[in-house]
Amino acid sequence: MAGKRTITIIGGGVIGLTAAHSLIGAGHDVTLIERRADVGQEASFANGGQLSYRYVGPLADAGVARDALGWLLRPHSPISLRLRADPKQWRWLLGFMLACNRRTNRKNAAILLDLALTGQAELQDWRDAGLDDFLWRRPGKLVLYRNSSKFRRAAHAITDPDLQRPLSPSECVTVEPAFAGLQPRIAGGIFSPEDEVGDCFLFCTALRKALTRQPGFRVVQGEATLAPGRGGRCALGVNGRPFETDLVILAAGIASRALARPLGIDLPLYGLKGYSLTTRPQPGTLPVVSVTDYDNRVVYAGLGDRLRIAAMVDIGAEDTPLQPRRLAELRALVAATLPGAFGGGEDVPWAGLRPATPTGVPVIARTRYDNLLLNVGHGALGFTLSVGSALRLKEIVAGADARAIG
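Residues take numbers from 1 onward in each chain, read along the sequence in its written order. Thresholds applied to this predicted model are a pLDDT of at least 70 for local features of residues and 80 or more for the giving and counting of side-chain atom pairs; totals over whole chains, interfaces and linings are not thresholded and use all residues. Hydrogens are left out, water is left out, and the side-chain values use all remaining heavy atoms of the structure.

Take the overall build of the protein chain next. Each helix and strand in the protein chain was counted, giving 10 helices and 21 strands. For 406 residues, the compact-globule estimate of 2.2 N^0.38 gives 22 Å, and the protein chain sits close to it at 21 Å. When the backbone C-alpha atoms are referred to their principal axes, the protein chain occupies close to 65 × 45 × 40 Å. The buried label applies to any residue whose accessible area, calculated with a 1.4 Å probe on protein chains only, is under 20% of its type's maximum; exposed applies above 50%, and partly exposed to all values in between. The buried share among the 406 residues of the protein chain stands at 54%. We call two residues in contact whenever any of their non-hydrogen atoms come within 4.5 Å of each other. Put simply, of all contacts in the protein chain between residues at least 6 apart along the chain, 77% involve residues at least 24 apart. The method behind every accessible area is Shrake-Rupley, applied with a 1.4 Å probe, and residues are considered shielded solely by the protein chains displayed. Summed over its atoms, the accessible surface of the protein chain is roughly 17500 Å², and 54% of this surface lies on carbon and sulfur atoms. Numbering of helices and strands runs from the N terminus, with a helix taken as a DSSP run of H or I at least four residues long and a strand as a DSSP run of E at least two residues long. Every radius of gyration here is taken over C-alpha atoms, with the globule rule written as 2.2 Å times N^0.38, N being the number of residues.

Following this line, the structure appears as structure tokens:
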């Protein structure tokens, strides 16, 4: 697979755009197929804004099933489950439960950490080369624990004291004074000074702007289709017409599942619906540090003069309409945690489907079709893992990995 190629990427979110940027840099010609009028309009649009490089452990872990049952039985839980007569949901849930053990979690966390840290270094190079204008900062990340036993386990699990350190409640408030009112209710925190924040949608638009300056890049708006072709290849169609290309990369988020189905590829993806609020906090109350309220699964990231708050996992939701009850629960929780988050102007709500695998590890691989590669399943870590995934994909295109799935 070595040498210059014409490559078509399906999906104009952060996963597809970072892949395009990496492959253009490797000398290939790249076409991006996007069904929406602009890039970054779906799961990339208003996500949590955290580049959480050192907190990439998969959701599936020992004890999660027990905790999840508690969440599901608790009013105003951060996790909801709507069971459906849907074999895809049951297969995904079974795979998730099988991954809920410490050994599997540690193995998968190591894979994610490698992707994350590789991507962090590469993004610095991209920024040094002029990629900017997406409200990037490196304020560090503070994870606050309300439960003392969970805090002790997190502190014990630290493997690199130079990049993560446990803090007492008073030290947490020193690192981020905006959460001073929470001090009596927290057991401690873990601070990672090298973690970053940015606006994922603005990152997508910055990537598109940089790519359009490259003569080998173009965007085509339209609906892509995939079907079995001749000679072990898949056939790509765009807007009902054949589309010739050397390689196809499927990076269309949760839509990838339906696109791959005619090929006989059953992608292990499920959409985990999440919500966000973008607010203009009261003067003097905008947090500087990126913060995660671990026990409530709420993240806070300052983006310019706005605050991005993201939370909730609705398992079984199949679309993205805003649910007033869930938004009201989120606003009430935020008001009790960070009262200054509201009052500076109207907040803007959003919801999206995070395309997750049961294990939390994305699928970045060749397939049994010689010309089809996958870059899917990044879940809630799409922004964080996007650049590292793009580098991994570039290695596969260069022929460094001959394995295939599907």
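Core analysis: the largest hydrophobic core is formed by 43 residues, its most contacted members being Ile-9, Leu-23, Leu-123 and Phe-203. Contributions of two or more residues to this core are made by strand 1 (6-10), helix 1 (14-25), strand 2 (29-34), helix 4 (102-128), helix 7 (200-212), strand 13 (247-250) and helix 10 (382-397). If we skip the residues at most four places from it in the chain, Leu-123 touches Leu-51, Tyr-53, Phe-134, Glu-196, Phe-203 and Val-387. As used in this record, nonpolar core signifies buried Ala, Val, Leu, Ile, Met, Phe, Trp, Tyr and Cys residues forming a set joined through side-chain atoms within 4.5 Å. Core analysis: the next-biggest nonpolar cluster, separate from the first, contains 26 residues, Val-248, Ala-252, Leu-259 and Leu-374 among them.

Right, let's get into helix 4. How far a helix is expected to stretch is found by multiplying one less than its residue total by 1.5 Å. A rise of 1.5 Å per residue sets the reference length of helix 4, with its 27 residues, at 39 Å; its end C-alpha atoms lie 38 Å apart and thus fit the reference within 8%. What helix 4 keeps buried is the set Asn-105, Asn-108, Ala-109, Leu-112, Leu-115, Ala-116, Gly-119, Gln-120, Glu-122, Leu-123 and Trp-126. Among the structural elements, helix 1, strand 3 (50-51), strand 8 (196-197), helix 7, strand 19 (363-367) and helix 10 are those in contact with the buried residues of helix 4. Positive backbone phi, at 115°, marks Gly-130, one or two positions downstream of helix 4.

So, on to the side chain of Ser-44. Structurally, Ser-44 can be placed in the loop between strand 2 and strand 3. Note on Ser-44: relative accessible area 7%, which makes it buried. Within the structure, the side chain of Ser-44 is placed 3.0 Å from the backbone nitrogen of Val-14, a separation counted as a polar contact. Ser-44 has contacts with Gly-13, Val-14, Cys-200, Phe-201 and Cys-204, leaving out every residue within four places of it along the chain. As used in this structure description, the phrase polar contact means that two N or O atoms lie within 3.5 Å; if the pair is within protein, one of them must be able to donate a hydrogen and the other to accept it, and residues adjacent in sequence are counted only when both atoms belong to side chains.

All right, on to the pairing of strand 15 (residues 290-293) then. Here strand 15 shows a buried face lined by Ser-290 and Thr-292 and a second buried face lined by Val-291 and Asp-293. The rule for pairing is simple: two strands pair if DSSP sees at least two bridges between them. Relative to strand 15, strand 5 (residues 141-145) is paired through four bridges, and the arrangement is parallel. Residue pairing in the sheet places Val-143 in a bridge with Thr-292 of strand 15. Where strand 15 meets strand 16 (residues 298-303), three bridges bridge the pair, whose relative direction is antiparallel. Opposite Thr-292, over in strand 16, you have Val-299 as the bridge partner. The turn linking strand 15 back onto strand 16 is made up of four residues, and Arg-297 within it adopts a positive phi angle of 55°.

A word on the packing of helix 4 against helix 10. Remark: helix 4 packs on helix 10, axes separated minimally by 7 Å, with the N-to-C direction vectors making an angle of 90°. It follows that helix 4 is roughly perpendicular to helix 10 by the angle criterion. Residues Leu-112, Leu-115, Ala-116, Thr-118, Gly-119, Glu-122, Leu-123 and Trp-126 of helix 4 lie in contact with helix 10, whose contacting residues are Thr-384, Leu-385, Val-387, Gly-388, Ser-389, Leu-391 and Arg-392. In this count, Pro and Cys sit with the nonpolar residues alongside Ala, Val, Leu, Ile, Met, Phe, Trp and Tyr, while Asp, Glu, Lys and Arg are called charged and the others, Gly among them, polar. Residue composition of the contact of helix 4 with helix 10, by class: eight nonpolar, five polar and two charged. Lines fitted to the C-alpha atoms define the axes, with helices restricted to the stretch that makes contact. Angles between their N-to-C directions range from 0 to 180 degrees. Every angle not falling under 35 degrees, over 145, or within 65 to 115 is termed oblique; those three ranges are roughly parallel, roughly antiparallel and roughly perpendicular.

With that out of the way, let us pick up the side chain of Asn-296. Checked against the element boundaries, Asn-296 lands in the loop between strand 15 and strand 16. With a relative accessible area of 11%, Asn-296 lands in the buried category. In this structure the side chain of Asn-296 is engaged in a polar contact, spanning 3.1 Å, whose partner is the side chain of Asp-293.

Glancing now at the pattern of salt bridges. A pair is scored as a salt bridge if a Lys or Arg side-chain nitrogen falls within 4 Å of a carboxyl oxygen belonging to Asp or Glu. Applying the stated criterion across every chain yields a total of 20 salt bridges. The residue Arg-146 makes a salt bridge to Asp-293 at a minimum N-O spacing of 2.7 Å. One end of the pair, Arg-146, is in the loop between strand 5 and helix 5 (148-156); the other, Asp-293, is in strand 15, with 147 residues separating them in the sequence. The salt bridge partner of Asp-347 is Arg-331, with a shortest N-O separation of 2.8 Å. Here the residue Asp-347 occupies a position in the loop between helix 9 (324-337) and strand 18 (348-356), and Arg-331 occupies one in helix 9, the gap between them amounting to 16 residues. On the basis of relative accessible area, Asp-347 is assigned to the buried category, the value being 14%. A cluster of three or more residues bridged by salt bridges with shared partners is formed by Asp-314, Arg-325, Arg-326 and Glu-329.

Another point: the pairing of strand 10 (residues 224-228). In this structure, strand 10 lies alongside strand 11 (residues 234-238), joined through five bridges in antiparallel fashion. Considered in strand 11, the bridge of Pro-228 is made with Cys-234. What sits between strand 10 and strand 11 in their antiparallel hairpin is a turn of five residues, with Gly-231 showing a positive phi close to 65°.

Next up on the list: the packing of helix 1 against helix 7. Put simply, helix 1 and helix 7 touch, their axes get as near as 10 Å, and they point 30° apart. Here helix 1 lies roughly parallel to helix 7, going by the angle between them. In this structure, helix 1 meets helix 7 at a crossing whose hand is left-handed. Every residue of helix 7 that contacts helix 1 at Val-14, Leu-17, Thr-18, Ala-20, His-21 and Ile-24 is listed here: Cys-200, Phe-203, Cys-204, Leu-207, Arg-208 and Leu-211. Classifying every residue of the contact of helix 1 with helix 7 by side-chain character gives nine nonpolar, two polar and one charged. Helix crossings fall into two classes, left-handed where the near helix is turned counterclockwise from the far one by less than a right angle and right-handed where it is turned clockwise.

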